[in-house]
Every structure is written in structure tokens, then in C-alpha cells.
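What follows is each chain in one-letter form.
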Amino acid sequence: MEISLYDAAVKISQAGRLVLTAHIHPDGDCLGSMLALYSCLRRTGKEVTMLLDDAVPAMYQFLPGYDEIRRPVTFYDGVELLVVLDASDEERIGRVKEVVKAPILNIDHHISNTKFADYWYVDSQAAATGEIVFELLKMLNLPVDAVVACCLFTAIATDCGFFRYANTTATTLRYAAELVEKGAQPHIISENLETKPLDSIVALTKALDTLELHHDGRIAAITVDTYADGAENTEGFINYPRNIEGVELAVMFKVIDEETVRVSFRSRKTDVSKLALLFGGGGHARAAGCTIRGSLTVVKDKVFQAAIRALQE
Ligand code: 5GP
Ligand code: MN
Ligand code: MN
């Protein structure tokens, strides 16, 4: 059932025992949103647990409270509400749905949201789930301190490319300003996110070598072999093909193992969330992704065919 943000706030305030979760392949938005809500709710005396069916990538391990995030390995009894943040379908929360049996409240901003939850509030105009969580905290009258401000600023800034992408609105910038007033430090957050291990930069040089152009230069793709190279941090790699003059659709293939490829899409006009949905993924109009089973050759073939069709529409 679709509910208002006010009703979502009521549900949260009425629950004494909550589990918060976010999507697998976590990013700054889902982690920052979950950590901000956790930090605020815990201070109210509620019993709150954060569960995530994935590891927290090293680049986000500066976020306060990240080490309190648990993996879903044992059953959680007596949970009154499972709050799912920034995830647009049930598969995105992995095994959390198996260890928590409670009504699901989904707070999200993906246009591709499948409305899988018992209650959902989806604002596809919001640049990040972090914007919605900020509104929610205000509604709940929960004070935002420097720790929470750091988490929310990270959530918002990472999902809008530090206020450069098309989803950046006046509201996004206003919220960011408020969070700075509350103690978020953009230069420290940015430095934490930008600092990469050497293997990530080495992986970038290899990835750039794989650049291929299709469909008269309107599609550009790069391939990262995380399986062979072990580089975990590929954040921002896709911006290189995306920024090439004349490119309408950028693709990054990330080889996970011999049978699994993660695919990221970026575009200037084409709705890539629809393209990702064809392969069981999802996302936003200009940034989306999916995971496809199959060898790299087979996956590339399928993706390029679908991408060319999407451009022709
Ligand atoms: P990225 O390419 O940075 O991994 O993801 C871009 C956008 O697409 C993000 O908003 C992310 O949430 C969404 N996305 C990426 N992969 C998937 C997926 O497998 N399923 C769904 N539903 N969304 C995805
Ligand atoms: Mn996300
Ligand atoms: Mn998001």
C-alpha cells in the first residue's frame, strides 16, 4: 500500500523493535540513509538493528557507525517493522527477507520501484533516499547532529555526483546547505570518497584500454575484470565512457566470476532504467544497473543488442 511520508513516520514511531536494511552492492545513498536513521532512532530508546547482506565497501568505512551493520546470518524474532531503504525490489535486500519476518516499509526514490513492500513511500523526484530520510527525521522531530549530517550529506552527494547530475534540484542544494550548517564537512567527505587504493587506479588504466565504441560512437563501453584483477573499487570508472563527445549511452561490464557480469548504464537521454529492467535490474532514467548470468561474450552481445534497440526507440 502506498503511504504518505507522514504515515511512514507514524509507522516508525509506533514500532519499538525495528530492523533497517539497504540494498546489496551498497552505495553512499543506501548506507548513509540507513546509518542516519539508525543513529537517530537508537537515541529514542527503540531497539534498532541494521542488517545488510553484503560487505561495506572500504570507501564507505569512514561513515560513523558502519561497524554496527550486521550480516543476516541468524533469525531476528519479534521485529515489528522492517525498513528497507533505497532498494527498488525485494531481491536487492538479499537474505534479509529470510531472517526477518515483519511488515516491510520501503522508502525509496527509484522510478523502477516494483512496489514489493507492505507499505511504500517512493519519491522519484528526490535525488537520493537521503533527502527523504532527512525529511522523515524532521517530521519525527529527531535532532540531526554532526554524525547524522555526515551520513545524510554523503547519501545525497554520492547519488547526484556531488550536485552535478540532472537529479540535482534546488531542494537537493538546500538540504545539503542545511546539513553543512549541522556539521557535515564536504571536503572531508569528498576526500574519503576520492581516495582509492593503488589496485583501483591500476584497474582503471586496464579498464580504459578495453574501451569500445558501437553504433556510430553513440554507445561506449569499458570492461573491468574484478575476477582477475581483484579490484573492488570501480566507483566513477563509468564516467570516462559517459563523458566522451557524441556518446549517448555508456556501459560498464564488471566481471564478477566466469558466469556473472554486473552491468552499469549511464545515458544522456535514453531511459536506461527500462534497459536494466529487461535484465532483471533497475535504477533511474539516467543511471541504472543489473546483474546478468553468462560469459562476458554472451552478456556483451545481449546488452549491445538491447542498447541499440533502446537508442532506436
Ligand atoms: P550503478 O551503476 O552505480 O551500480 O547503479 C546505478 C543505479 O542503478 C543505482 O541507482 C542503483 O541503485 C541502480 N541499480 C544498479 N544495479 C541494480 C540492480 O541490480 N537492480 C536494481 N533494481 N537497481 C540497480
Ligand atoms: Mn543506491
Ligand atoms: Mn539512491
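Model, not experiment: these values are computed from the prediction.

## A few points about the overall build of the protein
Part 1 of the reasoning: Counting its regular elements, the protein contains twelve helices and eleven strands.
Part 2 of the reasoning: Since a compact globule built from 313 residues should have a radius of gyration of about 20 Å, the 19 Å found for the protein is in line with a globular shape.
Part 3 of the reasoning: For the C-alpha atoms alone, the extent of the protein along its principal axes is close to 55 × 40 × 35 Å.
Part 4 of the reasoning: Put simply, the protein has 313 residues, and 52% of those count as buried.
Part 5 of the reasoning: A separation of at least 24 residues holds for 63% of the contacts in the protein among residues at least 6 apart in sequence.
Part 6 of the reasoning: Only carbon and sulfur atoms are counted for the fraction: they give 50% of the accessible area of the protein, which is about 14,100 Å².
Part 7 of the reasoning: Separation between the mean location of the 31 positive side-chain charges and that of the 43 negative ones in the protein comes to 2 Å.

## Comments concerning the UniProt feature "domain: DHHA1" (unreviewed entry) in the protein
Part 1 of the reasoning: Within this structure's numbering, the places UniProt gives as "domain: DHHA1" (unreviewed entry) are residues 235–302.
Part 2 of the reasoning: Helix and strand shares over residues 235–302 are 26% and 38% respectively, and the end C-alpha atoms of the span are 24 Å apart.

## Points about the coordination of the manganese ion (ligand 2)
Part 1 of the reasoning: Binding of the manganese ion (ligand 2) to the protein goes through H23 (NE2), D27 (OD) and D86 (OD), at separations of 2.1 to 2.2 Å.
Part 2 of the reasoning: Summarised as a motif, the one-chain spacing of the donors to the manganese ion (ligand 2) is H-x3-D-x58-D.
Part 3 of the reasoning: Here the manganese ion (ligand 2) and the manganese ion (ligand 3) are spaced 3.5 Å apart, linked through D86, which binds each one.
Part 4 of the reasoning: Assessed through its relative accessible area of 1%, H23 is described here as buried.

## Section: the pattern of salt bridges
Part 1 of the reasoning: Applying the stated criterion across every chain, the model contains six salt bridges.
Part 2 of the reasoning: A salt bridge links E212 to K300; its shortest N-O distance comes to 2.8 Å. A residue pair is termed long-range when its members are at least 10 positions apart, and E212 in strand β6 (residues 212–214) and K300 in helix α12 (residues 296–312) qualify at 88 residues.

## Quick look at the side chain of H23
Part 1 of the reasoning: Relative to the elements of secondary structure, H23 occurs in the loop between β1 (17–22) and α2 (28–42).
Part 2 of the reasoning: Within polar-contact distance, the side chain of H23 engages the side chain of D86 at 3.0 Å.
Part 3 of the reasoning: Side chain to side chain, H23 and R92 meet in a polar contact 3.3 Å long.
Part 4 of the reasoning: Ignoring any residue separated from it by four or fewer positions in sequence, one finds H23 in contact with C30, L52, L85, D86, A87 and R92.

## Focus: the coordination of the manganese ion (ligand 3)
Part 1 of the reasoning: Coordination sphere of the manganese ion (ligand 3), protein contribution only: D29 (OD), D86 (OD), H109 (NE2) and D159 (OD), at 2.1 to 2.3 Å.
Part 2 of the reasoning: We note that the donor set of the manganese ion (ligand 3) lies within a single chain, spaced as D-x56-D-x22-H-x49-D.

What counts and how
- Residues numbered from 1 in each chain as written.
- Chains lettered and ligands numbered in written order.
- Predicted model: local features only at pLDDT ≥ 70, side-chain atom pairs only at ≥ 80, totals over all residues.
- Heavy atoms only, no water.
- Helix = DSSP H or I, 4+ residues; strand = E, 2+ residues; numbered from the N terminus.
- Rg over C-alpha atoms; globule rule 2.2 N^0.38 Å.
- Buried < 20%, exposed > 50% of the residue type's maximum accessible area, 1.4 Å probe, protein only.
- Contact = heavy atoms within 4.5 Å.
- Areas by Shrake-Rupley, 256 points an atom, 1.4 Å probe, with all protein chains shown as cover.
- Lys, Arg positive; Asp, Glu negative; His and termini not counted.
- Charge placed at Lys NZ, Arg CZ, Asp CG, Glu CD.
- UniProt positions renumbered as here; feature names shortened; annotations may be inferred.
- Donors = N, O, S within 2.8 Å, 3.2 Å for Na, K, Ca; no water.
- Salt bridge = Lys/Arg side-chain N within 4 Å of Asp/Glu carboxyl O.
- Polar contact = N/O pair within 3.5 Å; in protein donor to acceptor, adjacent residues only side chain to side chain.

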